[in-house]
Amino acid sequence: MASSHSSSPVPRGGRDGIYHKERDPSPPRCRPIRSLPDVCPKEPTGGDSCRLHSLFHDRWTVYSSKVNLPAALNDPRLAKRESDFFTKTWGLDFAETEVMPSFYLPNITREHFAPYLQETAQRERIHERCKTICPNKDDVDLTVCLHILNLQIFMKPEFALEDPATFNAVLPWSHFNSAGGKSSRDGASSKLLQEKLSHYLDVVEVSIARQISLRSEAFFHAMSSQHELQDRLQETQRAVAVLRGRTAAIDRVMCQGPLQAVRTALTRNNCVKLHNKMKLMAAVHQTQPTVQLLLSTSEFVGALELISTTKEVLQQELQGIHSFRHLGSQLCELEKLIDKMMVEDFSMYARSDLNRSLKDEPQVLEKERLESLVFGLLRQRKLDFLDIYSDEMILAAKAIVTQCVAESVLHIEEIDTEVVTKLADQMRVMTFPQWFELLKNVFESFLLFLQRIKATLNVIKNVVLEVLASNQKNRLLEEAGARALDAEASHGPSVLQGEAELAYLTHEGLFISDALNEAQQQQQQQQQQQVQDQSSVMGSRIQQSRAEAASSDSTCGTSETSFSREQSFMSGENMMPSELELNRVINNIQELLYSASDVSHDRCVKVLTARAKDGSLERLSSAEFVCLSQAVEGFVRDTEELCGRRSVSLRGALQSQANRFVHRFHEERKTKLSLLLDNERWKQAEVPAEFQDLVNSIADGRISLPERKIPGPEDRKPTDFLLINGQKYAVVGTVLLLIRIFLEYCQCVNDIPSIATDMLTRLSDLLKHFNSRSCQLVLGAGALQVVGLKTITTKNLALASRCLQLVVHYIPVIRAHFEAKLQPKQFSVLRHFDHITKDYNDHIAEISAKLVAIMDSLFEKVLSKYEVKAPMPSPCFRNVCKQMAKMHEAISELLPEEQTQMLFLRINAGFKMHLKRQLARLGVVNDGGPQNGLVVVDVAFYTENIQALRSLERLDLNMAEIWEQKR
């Protein structure tokens, strides 16, 4: 019965198979005693291999947790007490967010437990019923006995015999200590109490024995396990002793000798390092004398490289050495001194290079010296050295002008330099040919000056480009090296880690911590080797600098210089300017070349304005000004090709002088034209052969003045008309000269294209002046007072009209010539020619109207006295025909046939109008009567006389219009 209720230490399997778990027949594995970890996790130690193995290969359990649940729940730092304990590690915000359910865990509902509940429901009901009916005797036996004996005091948790009340309750001695002493009743009571306690002891012993019998199997199993554990501990103790002995033997036989060899090798390596340090210190000790030796030969680059290398050695290899504590500051001061020396030397070089003779010398002075200076300045980041060259360039440009003027004055005996001391005054005293020769010398000198500057700047630019290329090369090498190191670092540790894990798992070789320590030692050795190599390279650099300083007194070759510069590129890459700064220097070099061109132009402008101060350039002839303009344009074009940019100062000064020249040129010709018009008698002039040749060249497309011919005996005689494209033009002498004048304007534009716009405006003004002044003199009859003409005849009017037509003929030619010289954005000024053409055509129309008006007034005066009576033809019609013949005689030789016919048609229309009006006044109608017949005779006489005139034979007079139409 007792055995049926006993519990085994290992659960036994039931017949349903739910709680089956058999004992493992293999020996029990010892698991380390686990303790709850701290709230704050600790870093794992390298020596705890078992813990690392557990982290790598054991499944996670509650003992692997890093959070102490009570501490997390009672965290006083939480803002809200109801927050989730996960906020201890994940932050306060975690309590506010919704945790998504895991996709790897199914949603467990009550239906999942339904089969289990159905299977165990019957047994659970039986178990509950059995518990109520038959409680477990093992659990209640002793308690029931004690309750039966009514000794609940023994079951109280505060039971203690030390308490007097408890002692008296258990042992009631008061019954035995009465005042009367001992009696038989007291003895019986004492004996009864002793028997009662003995009975209690028997009941407890029996209960204990029953409990021991119930759990005897577990007790004996525990005892046997204890003996087995003690046996295994003894075996382990003996194995540890054997292992210790073997380890001591291995240490004695295999470790002490190799360790001594390692110590000896380490001592040797330390001695080698000390020897290298001593050699390096000896080399550094000779730095200052070597630098002084290099500076004595102007080897600034080598001195700077030596100082930089020495400072690097002091910071990396010799840091903390007491004897060199002041050497770093001394080298810094020496470097500043070298900076000042390089700047001063570059200034002296620029001054000597720019102020030397421009002829019979090489373009670049001491190229190697210049390259060394530029490289040294770039290495020290003295990027403002171009400003020094710019200042010296401005001073040299001023000296060039002074020298050219002084050389020119020496060959002119008329100029006394003691009286005329200023350069500007000396230039104004010169004649134009002398000054023009001086200007050409100045232009030639500045071209040579700019060529020399460009060659020097090209050398500087090549050095900068070489430095830039070296920087880019070094950057690419560094990037390639960094990628290689990253690849090696990513591959190496993974291999070492894999090997260490494999060694641990197979128990062959080292553990993980030992493998990692070995890898770290290898990396340290590689770093030490690199440091040794670097120190040896630094020492070799210092030795090489000393050797170069020693050999620089004798010879210096180009290849050695380039090789040393390349080494300086590689070693001083951190000192060199960045790519952005080098590109800025290249841009500054190009800007300096542009500035040189601008300075040269500015000095030439000074020469030009000094000459033009008294207005002498304005008084030049057009040929002289054209020569000046061509020389300036040639210089501007040459400098633009040389420097790559067009400077505008000299061109602007020439444009200013050209504007003054154009103003004076225009005023002279306008005045000349005004004088010619004021003296013009408006008679037909003979046309010399040279003017006929002039218009012929214009017709051939040559808009320029021909060269003057020497008169000879076979020269042609003048003609009466100017023949142009088969048409005869009767002209006055002023128009012939006007043609020559506007050809002078066109020739000036050919020679000076920059003044085309201004010249076009002035020519338009000249043509307008001719039109307006001729209108005043002819139509306005101003010639009566100016020249003293008695009257303005129809011949004068026809001649003026023909001259205007000649000018209108040439306006499109002039327009096309100027259009070819203008820029497209300047075409708007061509509208002046349209306005001028309109004005001239209006003037021609006014002259034609004036001729018609003259005849109209004559017809009105004559026909007002007309009477229809014999004899026929009447005197009135004879007078009209006579005046018409005179009119035809005056204009027929001047105007072409078409214009003559159109003019007489208009005159005839006026005659018919006045005749019709007079006939209406007289009451004569077309009725076939006698008066009608007389009028027909007069009209026939008029028609016959008009059609008898030359070129009017086929003129349709339409005389029927004189009669009123019948209604």
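Conventions used here
Residues numbered from 1 in each chain as written. Predicted model: local features only at pLDDT ≥ 70, side-chain atom pairs only at ≥ 80, totals over all residues. Heavy atoms only, no water. Helix = DSSP H or I, 4+ residues; strand = E, 2+ residues; numbered from the N terminus. Contact = heavy atoms within 4.5 Å. Salt bridge = Lys/Arg side-chain N within 4 Å of Asp/Glu carboxyl O. Buried < 20%, exposed > 50% of the residue type's maximum accessible area, 1.4 Å probe, protein only. Axes fitted to C-alpha atoms, helices over the stretch in contact; angles between N-to-C directions. Left-handed = near helix turned anticlockwise from the far one by under 90°. Nonpolar A, V, L, I, M, F, W, Y, C, P; charged D, E, K, R; others polar. Patch = residues over 30% accessible without salt bridge, like charges linked within 9 Å, V, L, I, M, F, W, Y side chains within 5 Å. Areas by Shrake-Rupley, 256 points an atom, 1.4 Å probe, with all protein chains shown as cover. pLDDT = per-residue confidence, 0-100. Core = buried A, V, L, I, M, F, W, Y, C linked by side-chain atoms within 4.5 Å. Disulfide = S-S within 2.5 Å. Phe/Tyr/Trp six-rings, centres within 6.5 Å; stacked < 30°, edge-to-face > 60°.

Focus: the overall build of the protein
- Helix and strand counts for the protein come out as 29 helices and 2 strands.
- Counted over contacts in the protein with a minimum sequence separation of 6, partners at least 24 positions apart contribute 77%.

Remarks on the pattern of salt bridges
- In this structure the tally under the stated criterion is 21 salt bridges.
- The salt bridge partner of Arg762 is Asp758, with a shortest N-O separation of 3.3 Å. Of the two residues, Arg762 and Asp758 are both situated in helix α23 (residues 756-779); the distance of 4 residues between them amounts to about one turn of the helix. Asp758 shares its class with Arg762; the two are buried.
- Each of Arg664, Glu668, Arg669 and Glu744 takes part in a single network of salt bridges with overlapping partners.

Overview of the packing of helix α25 (residues 794-821) against helix α27 (residues 875-891)
- At a closest axis distance of 9 Å, the pairing of α25 and α27 adopts a crossing angle of 35°. Seen from above, α25 lies across α27 with right-handed handedness. In this structure, α25 contributes Thr794, Lys795 and Ala798 to the contact, and α27 contributes Met887, Ala890 and Ile891.
- Residues of the contact of α25 with α27, tallied by class, amount to 4 nonpolar, 1 polar and 1 charged.

Things to note about unusual backbone geometry
- Of the consecutive residues Ala870 and Pro871, the connecting peptide bond is found in the cis state with omega at 0°.
- Looking at where Pro871 falls in the secondary structure, it is placed in the loop between α26 (831-863) and α27.
- Look at the link from Met872 to Pro873: it is a cis peptide, with omega at -5°.
- The topology assignment puts Pro873 in the loop between α26 and α27.
- The phi dihedral of Ser951 is positive, around 75°, even though this residue is not glycine.
- On the secondary structure map, Ser951 appears in the segment after α29 (930-947).
- Given a relative accessible area of 13%, Ser951 falls into the buried group.

Looking at the side chain of Thr900
- Examined against the element boundaries, Thr900 turns out to sit in helix α28 (residues 897-922).
- Contact partners of Thr900, with chain neighbours within four places excluded, come to His888, Ile891, Ser892, Leu895, Ser951 and Leu952.

Things to note about a nonpolar patch on the surface
- A cluster of nonpolar residues, Ile108, Phe113, Tyr116 and Leu117, forms a patch on the protein surface that exposes about 380 Å² of accessible area.
- Positionally, Tyr116 belongs in helix α4 (residues 114-133).
- Owing to a relative accessible area of 37%, Tyr116 belongs among the partly exposed residues under this scheme.

Description of the environment of Lys728
- For Lys728, the location among the structural elements is in strand β2 (residues 727-729).
- Of the residues examined, Lys728 reaches a relative accessible area of 55% and is grouped as exposed.
- C-alpha separation for the pair Lys728 and Pro896, spaced 168 residues apart in sequence, amounts to 7.9 Å.
- Setting aside chain neighbours within four positions, we find Lys728 in contact with Phe721, Leu722, Leu723 and Arg802.

Some points on the confidence of the model for the protein
- Per-residue confidence for the protein gives a mean pLDDT of 76; residues scoring 70 or more make up 75%.
- The least confident element of the protein, judged by mean pLDDT, is helix α1 (residues 49-57) at 43; the most confident is α26 at 93.
- Every residue in residues 81-88 scores below 50 in pLDDT, and together they form 18 contacts with partners more than four places removed in sequence or on other chains.
- Counted against residues more than four places away or in other chains, residues 569-573, with its pLDDT under 50, gives 14 contacts.

Describing the nonpolar core
- In terms of nonpolar packing, the biggest core is built from 197 residues, with Trp435, Phe449, Leu628, Ile739, Phe818 and Tyr942 touching the most fellow members.
- Sorting elements by how many residues they give to this core places helix α15 (residues 432-506) first, with 19 residues.
- Aside from chain neighbours lying at most four places away, what touches Ile739 is Leu694, Val695, Ile698, Leu722, Leu806 and Tyr810.

A look at the packing of helix α11 (residues 327-355) against helix α12 (residues 367-379)
- In contact at an axis separation of 10 Å, α11 and α12 are set at 140° when each is read in the N-to-C sense. Here α11 and α12 pass one another in a crossing that is left-handed. Note on element contacts: α12 touches α11 through Arg369, Leu370, Leu373, Gly376 and Leu377, opposite Met342, Val343, Asp345, Phe346 and Tyr349.
- Along the lines of polarity and charge, the residues of the contact of α11 with α12 split into 7 nonpolar, 1 polar and 2 charged.

Describing helix α21 (residues 689-699)
- Listing the buried residues of α21 in full gives Ala689, Phe691, Gln692, Leu694, Val695, Ser697 and Ile698.
- Where the residues of α21 are buried, they touch β1 (722-724), α22 (733-751) and α25.
- With its phi angle positive at about 95°, Gly701 sits one or two positions after the end of α21.

Notes on the state of the cysteines
- By the definition in use, this model includes 0 disulfides.
- We note that Cys881 lacks a disulfide partner, and the nearest cysteine sulfur, in Cys876, lies 9.6 Å from it.

Some remarks on the packing of aromatic side chains
- Counted by the stated rule, this structure contains 15 aromatic pairs.
- Note on Phe432 and Trp435: the rings are 6.1 Å apart at their centroids and 35° apart in plane angle, and the pair reads as tilted. Separated by 3 residues within a single helix, Phe432 and Trp435 lie in helix α15, roughly one turn from each other.
- For Phe432, a relative accessible area of 11% translates into the label buried.
- Between Phe432 and Phe436, the ring centres sit 5.6 Å apart and the planes meet at 20°, which makes this aromatic pair stacked. A residue pair is termed a helical-turn pair when its members lie 3 or 4 positions apart in one helix, as Phe432 and Phe436 do in helix α15 at 4 residues. In terms of burial, Phe432 and Phe436 fall into one category: buried.

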